[in-house]
Amino acid sequence: MPSRRTLLAVSALTASAALVLAGCAGSGDAADTGKPFDPDEKVTIDFAFWGNDDRASRYNDLIAAFNEEYPNITVNPSFSDYPSFWEKRQTEAAGGNLPDVFQFSDSYLRQYAQSSNLLDLDTVSDYIDTTTFEDSLLGTGALDGVQYSLPTGYSLWANFVNDDLLAASGIDAPEGGTSAADFDDWMASVTDATGGNPYGGTDYTQRIQSFELVLRANGENLYTGDGELGFTEDELRDFWESGDGIRDGVVIPQQKLEELSPKSGFGAGATASEMSWSNFLGGYLADSGASSISMIAPPIAKKGAKDLYRQAGLQVAISANTEHPEASALFLDFVVNSAEAGEIFGTTLGYPASSSKLAGTTLEGVDKQVADYIDSQADRIGDAPPVPVAGYGSLEQKFWDLGKELGLGTLTVDDAVSQFFSEADSVLG
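Residues numbered from 1 in each chain as written. Predicted model: local features only at pLDDT ≥ 70, side-chain atom pairs only at ≥ 80, totals over all residues. Heavy atoms only, no water.

1. Comments concerning the overall build of the protein chain
Rules: Working definition: helices are DSSP H or I runs of at least four residues, strands are E runs of at least two. Numbering for both runs from the N terminus. Partly exposed describes any residue whose relative accessible area lies between the buried limit of under 20% and the exposed limit of over 50%, with all areas from a 1.4 Å probe on protein chains only and scaled to the type maximum. Working rule for contacts: check all heavy atoms of both residues, and any pair within 4.5 Å makes them a contact. Surface accessibility in these figures is a Shrake-Rupley result with a 1.4 Å probe; residues are shielded only by whichever protein chains are displayed.
Each helix and strand in the protein chain was counted, giving 18 helices and twelve strands. Residue burial in the protein chain is summarised as follows: out of 429 residues, 54% are buried. Considering only contacts in the protein chain between residues 6 or more positions apart, those separated by 24 or more positions represent 75%. Here the protein chain displays about 17,300 Å² of accessible surface, and carbon together with sulfur accounts for 47% of that area.

2. Looking at the environment of aspartate 81
Within the element layout of this structure, aspartate 81 appears in the loop between strand 2 (73–80) and helix 3 (82–95). The exposure class assigned to aspartate 81 is partly exposed, which follows from its relative accessible area of 27%. If sequence neighbours within four positions are ignored, aspartate 81 has contacts with Trp50, Gly51 and Pro262.

3. A closer look at helix 13 (residues 325–337)
One turn of an α-helix holds 3.6 residues; hence residues three or four places apart share an orientation. Basically, it comes down to this: Expected span of a helix, by definition, is 1.5 Å for each gap between consecutive residues, and there is one gap fewer than residues.
When the terminal C-alpha atoms of helix 13 are compared, their 17 Å separation across 13 residues agrees well with the 18 Å that a helix rising 1.5 Å per residue should span. Counted residue by residue, helix 13 has 13 buried out of 13 residues, so it is predominantly covered.

4. Considering the domain arrangement of the protein chain
Short version of the rule: Domain ranges listed in this record stem from an automatic or a database domain assignment. In short, buried area is how much 1.4 Å probe accessible area vanishes from two parts on joining, totalled over both.
Along its sequence, the protein chain is organised into domain 1 (43–155 + 311–372) and domain 2 (157–307 + 391–428). For domain 1 and domain 2, the distance between their C-alpha centres works out to 27 Å. The interface is formed by 20 residues belonging to domain 1 together with 21 residues belonging to domain 2. A combined buried area of about 1,600 Å² lies between domain 1 and domain 2, and 53% of that area is made up of carbon and sulfur atoms. Looking at the side of domain 1 facing domain 2, the largest losses of area belong to Ser107, Ser155 and Gln369, adding up to 28% of the total buried there.

5. What about the packing of aromatic side chains?
This is how the line gets drawn: Any pair of Phe, Tyr and Trp rings, taking the six-membered ring for Trp, is counted once the centres come within 6.5 Å. Such a pair is stacked with planes under 30 degrees apart, edge-to-face with planes over 60 apart, and tilted for the rest. In our convention, an over-ring charge means Lys NZ or Arg CZ found within 6 Å of a ring centre and within 35 degrees of that ring's normal.
For the structure on display, the rule yields 39 aromatic pairs. With a centroid separation of 5.4 Å and an interplanar angle of 50 degrees, the aromatic rings of tyrosine 154 and tyrosine 351 are classed as tilted. On the criterion of sequence distance, the pair formed by tyrosine 154 in strand 7 (residues 153–154) and tyrosine 351 in strand 12 (residues 351–352) is long-range, its members being 197 residues apart. The residues tyrosine 154 and tyrosine 351 share a single accessibility class, namely buried. One aromatic cluster is present, built from ring pairs that chain together Phe47, Phe49, Tyr59, Phe66, Tyr70, Phe79, Phe331, Phe334 and Phe345. We note arginine 89 situated over the ring of phenylalanine 85; from NZ or CZ to the ring centre the distance is 4.5 Å. The side chain of arginine 310 reaches across the aromatic face of tyrosine 154, ending 4.7 Å from its centre.

6. Quick look at the packing of helix 17 (residues 392–408) against helix 18 (residues 413–428)
To keep things clear, this is the line we draw: Working convention: axes come from line fits to C-alpha atoms, limited for helices to the stretch in contact. Angles between N-to-C directions cover 0 to 180 degrees. Convention used here: angles under 35 degrees read as roughly parallel, angles over 145 as roughly antiparallel, angles from 65 to 115 as roughly perpendicular, and any remaining angle as oblique. Crossings are assigned a handedness: left-handed for a near helix turned anticlockwise from the far helix by less than a right angle, right-handed for a clockwise turn. Under the scheme applied, nonpolar residues are Ala, Val, Leu, Ile, Met, Phe, Trp, Tyr, Cys and Pro; charged residues are Asp, Glu, Lys and Arg; polar residues are all the others, including Gly.
At a closest axis distance of 10 Å, the pairing of helix 17 and helix 18 adopts a crossing angle of 165 degrees. Considering the angle they form, helix 17 stands roughly antiparallel to helix 18. Taken as a pair, helix 17 and helix 18 cross one another with a handedness that is right-handed. For the pair helix 17 and helix 18, the contacting residues are Leu395, Lys398, Phe399, Leu402 and Leu406 in the first and Val413, Ala416, Gln419, Phe420, Glu423, Ala424, Val427 and Leu428 in the second. Residues of the contact of helix 17 with helix 18, tallied by class, amount to ten nonpolar, one polar and two charged.

7. Observations concerning the sheet that holds strand 8 (residues 157–162)
What counts, and what does not: Pairing between strands requires that DSSP locate at least two bridges from one strand to the other.
Spatial strand order, 9-8-10: three strands in an open sheet with antiparallel pairing. Only two strands of the sheet have a single partner each, and these edge strands are strand 9 (273–277) and strand 10 (293–296). For this sheet, the mean angle separating the axes of adjacent strands, direction not counted, is 35 degrees. Contacting strand 8, strand 9 and strand 10, helix 12 (residues 281–288) runs over the sheet at an angle of about 145 degrees to strand 10.

8. Remarks on the sheet that holds strand 6 (residues 149–151)
One open sheet accounts for five strands, arranged 2-1-3-11-6; its pairing is mixed. Strand pairing shows two members of the sheet lacking a second neighbour, strand 2 and strand 6, which therefore form its edges. Across the sheet, the axes of successive neighbouring strands diverge by a mean angle of 30 degrees, strand direction being ignored. Bridge count for strand 1 (residues 43–50) against strand 3 (residues 101–105) is two bridges, and the pairing is parallel. Bridging across to strand 3, alanine 48 finds its partner in phenylalanine 102. Against the sheet, helix 2 (residues 53–69) makes contact with strand 1, strand 2, strand 3 and strand 11 (314–318), and its axis sits at roughly 175 degrees relative to strand 2, the strand it touches most.

9. Concerning unusual backbone geometry
In this structure, proline 198 follows asparagine 197 across a cis peptide bond, with omega equal to 10 degrees. Structurally, proline 198 can be placed in the loop between helix 7 (180–194) and helix 8 (208–217). Even without being glycine, aspartate 144 reaches a positive phi, approximately 55 degrees.

10. Things to note about the pairing of strand 2
The pairing of strand 1 with strand 2 spans eight bridges and is parallel. Across the sheet, the residue bridging to phenylalanine 47 is proline 77, located in strand 2.

11. A closer look at helix 17
The terminal C-alpha atoms of helix 17 lie 24 Å apart, and with 17 residues this matches the ideal 24 Å at 1.5 Å per residue to within 8%. Considered for burial, the residues of helix 17 that qualify are Tyr392, Gly393, Leu395, Glu396, Gln397, Phe399, Leu402, Gly403 and Leu406. Looking at the packing, one finds that the buried side of helix 17 touches helix 3, helix 8, helix 9 (233–241), helix 10 (244–247) and helix 18. Glycine 409, located one to two residues past helix 17, shows a positive phi value of around 80 degrees.

What follows is the structure, encoded as structure tokens:
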């Protein structure tokens, strides 16, 4: 029996035998193919994503499954770490030659959409099913009423703990949802007990998401709905200064992290804990080789605060300049909607955002652990923040880069704050 995606493609072709998705490169509409869509034509599309070897292996399996349905569409995948991924995309966007399909982030939605680098998915709606998404999740890839990307899933910020390392060291796991000071004391106890093999954790003040939780606990956000920063220099200074104590011998040294890259300290088994998005669990297990990793609630700045939110930032988009909009749309649909994607990826791209992908996901083992963690934090989940400001992705990376320099001791906190706000002035105008 033909699959839902095959029926979508065939019905679209039948409905309009002379379908041409008109547009011009860089317009935000589909590039003009000059001919109707031929489901049997052999085409090649490029697909780029960020991730690690585990994610690459899963994508290879997904592409193989896709080719069972669409043997005429060759997908050329490529991947890198997150910073390198966006550096390359920025260069490609400037030259109008982004990959046909690429992993995307809502952090860059305004920037890439407003510069007409993303395809309006309504122009290929015959090949993509959006009825499988809740409106709130669809909204994470929409701007000014235009759907530019679709989420693969959603995640919550979490604190990961390597159970194997703690058991070997005879140390109890930390309690989740404590104050930052209490968690810092726990990391110090690990580092002291092990002599830094492993360290208690990494410097979480490098991550803008940790700062965001502090702001949200106090009723604020990183940015406003009007496209402005939602915090002051003093608030950022206080946050970075709060990390002074752990940067002084408690967390893994930044220089050591540079040597371990592209693996994180936690992924390399050099730290007992690390904070990141809940969908990282599968990758962390693969990188570290640990048999058991626990997920606990991150520190909270104010008890009872609803500082966590469903983050559907990992999206998939299509270049406005693609020469194969229909084939690209079929592959995007397969990534975000297919039962095969649910089976292959589980929750490693986030808890499935679409009902059809979720139907193919067997929630057991790692995937059930992620689902259970999300369920356990239901009372702490608040409303999603405003749509990220244009250039937020650049500001997120700048925050991380400055945090690394603080770790290396090449910048003072005052200098880091000054540089961040200078960058924000430039990016936000």
